[in-house]
Amino acid sequence: RELHHAASCLLLERRAMTRNANVLTSRATRNERPRAAPPAPSAPPLSSSQLRAFADALERLGYDVTSLLTGAGIRRTELDDPDTMIPSSACNALFTLACEQRHYPNLGAHLGAVTPIGAYPLLDYLVVTTDTVEGALHQLVRYFHLVNAPFRLAIADDGDIVRLVIHAANTFAAEYEASIVVHHLGEETERRLRPVCVNLQHE
């Protein structure tokens with residue numbers, strides 16, 4: 001089942017987005033409740049950095065992450081090993097337990113909102129060091145595969161309005177990515193970026 005998520009953004013600022021670049025460089029060089037059906041068994045594993053970003057965001061929202069990781073069969077040390085790949089089933093279990101521990105409507109959107117710039121060091125660096133929001137979106141689409149996420153991005157340029165289209169496997173993934181884009185680019189443009197709308201289409 002495929003979910004299409006279109007986030008439309010206006011006001012493409014002509015300014016450098018490098019405020020957080022130094023932090024990202026140092027990190028890059030150092031090593032309503034989700035309702036979607038679970039992904040197929042063949043779903044690709046997640047990198048430890050992706051799962052660490054989820055775990056850190058859950059912690060910021062007040063979840064007991066230690067018990068969630070234990071219940072999902074994930075060792076905290078695995079999140080610190082850049083070469084570790086976490087089975088998608090373990091990630092699914094983590095979020096299932098999170099929903100049981102504490103109900104948080106639109107969890108994906110809230111996790112994206114509290115995920116700081118730098119959670120994905122290399123990708124974030126490539127995005128925030130561009131000159132414009134439009135350039136940042138193109139960098140995001142071009143290099144998004146670096147985070148091994150289970151969805152793809154595309155840009156639809158309609159002239160005055162640029163749309164970022166997120167083709168995601170489930171509601172959570174679409175909410176999470178759209179939220180990160182809106183909050184991070186908003187922060188980098190000192191809140192001058194004003195999204196026109198976010199449109200969710202569920203199949």
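Data block above holds the structure.
Below is a summary of the structure that appears in this document. (Residues numbered from 1 in each chain as written. Predicted model: local features only at pLDDT ≥ 70, side-chain atom pairs only at ≥ 80, totals over all residues. Heavy atoms only, no water.)

### Focus: the overall build of the chain
Worth spelling out the cut-off: Helix and strand assignments follow DSSP, with helices taken as H or I runs no shorter than four residues and strands as E runs no shorter than two, numbered in order from the N terminus. Each residue is assigned to one of three classes by its accessible area relative to the maximum for its type, calculated with a 1.4 Å probe on protein chains only: buried under 20%, partly exposed between the two thresholds, exposed over 50%. Only the protein chains shown count as cover for residues, and all accessible areas are computed by the Shrake-Rupley method using a 1.4 Å probe.
Regarding its fold elements, the chain presents eight helices and six strands. Put simply, the chain runs from its N terminus to its C terminus through helices and strands in the order β-α-β-α-α-β-α-α-α-α-β-β-α-β. Put simply, the chain has 203 residues, and 45% of those count as buried. Taken as a whole, the chain presents about 10,300 Å² of accessible surface, with 51% of it coming from carbon and sulfur.

### Observations concerning the packing of helix α6 (residues 121–128) against helix α7 (residues 133–143)
So the rule is basically this: Only the contacting stretch of a helix is used when fitting its axis, a line to C-alpha atoms as for every element, and angles between N-to-C directions run 0 to 180 degrees. Every angle not falling under 35 degrees, over 145, or within 65 to 115 is termed oblique; those three ranges are roughly parallel, roughly antiparallel and roughly perpendicular. Helix crossings are classified by the rotation of the near helix relative to the far one: an anticlockwise turn of less than a right angle makes the crossing left-handed, while a clockwise turn makes it right-handed. In this analysis, two residues are considered to be in contact whenever any of their non-hydrogen atoms come within 4.5 Å of each other. Three classes are used, and their members are as follows: Ala, Val, Leu, Ile, Met, Phe, Trp, Tyr, Cys and Pro are nonpolar, Asp, Glu, Lys and Arg are charged, and the others, Gly among them, are polar.
Packing of α6 against α7 brings their axes to within 8 Å, and their N-to-C directions diverge by 150 degrees. In this view, α6 runs roughly antiparallel relative to α7, as classed from their interaxial angle. The way α6 lies across α7 gives a crossing that is right-handed. Contacts from Leu123, Leu126 and Val127 in α6 reach Ala136, Gln139, Leu140 and Tyr143 in α7. Looking at the contact of α6 with α7 residue by residue, the classes come out as six nonpolar, one polar and no charged.

### Structural notes on the packing of aromatic side chains
Put simply, the rule reads: Stacked, tilted and edge-to-face pairs are distinguished by plane angle, under 30 degrees for stacked and over 60 for edge-to-face with tilted covering the rest, among Phe, Tyr and Trp rings (Trp via its six-membered ring) whose centres lie within 6.5 Å.
If you walk through the whole model with that rule in mind, you get six aromatic pairs. Ring geometry for Phe54 versus Phe95: centroids 5.2 Å apart, planes at 75 degrees, classification edge-to-face. On the criterion of sequence distance, the pair formed by Phe54 in helix α2 (residues 48–60) and Phe95 in helix α4 (residues 88–101) is long-range, its members being 41 residues apart. A relative accessible area of 10% means that Phe95 is categorised as buried. Between Phe95 and Phe172 the ring centres are 4.6 Å apart and the planes differ by 50 degrees, which places this aromatic pair in the tilted class.

### What to know about the pairing of strand β5 (residues 162–168)
Each regular strand displays side chains that alternate between the two surfaces of the sheet. Applicable threshold: Criterion used throughout: strands pair if DSSP finds at least two bridges between them.
Counted residue by residue, β5 has six buried out of seven residues, so it is predominantly covered. In sequence, strand β4 (residues 151–157) turns back onto β5 through a hairpin of four residues, with Gly159 there showing a positive phi of about 95 degrees.

### Observations regarding the pairing of β4
Across seven bridges, β4 lies against β5 in antiparallel orientation. When the sheet's bridge partners are listed, Asp157 is paired in β5 with Val162.

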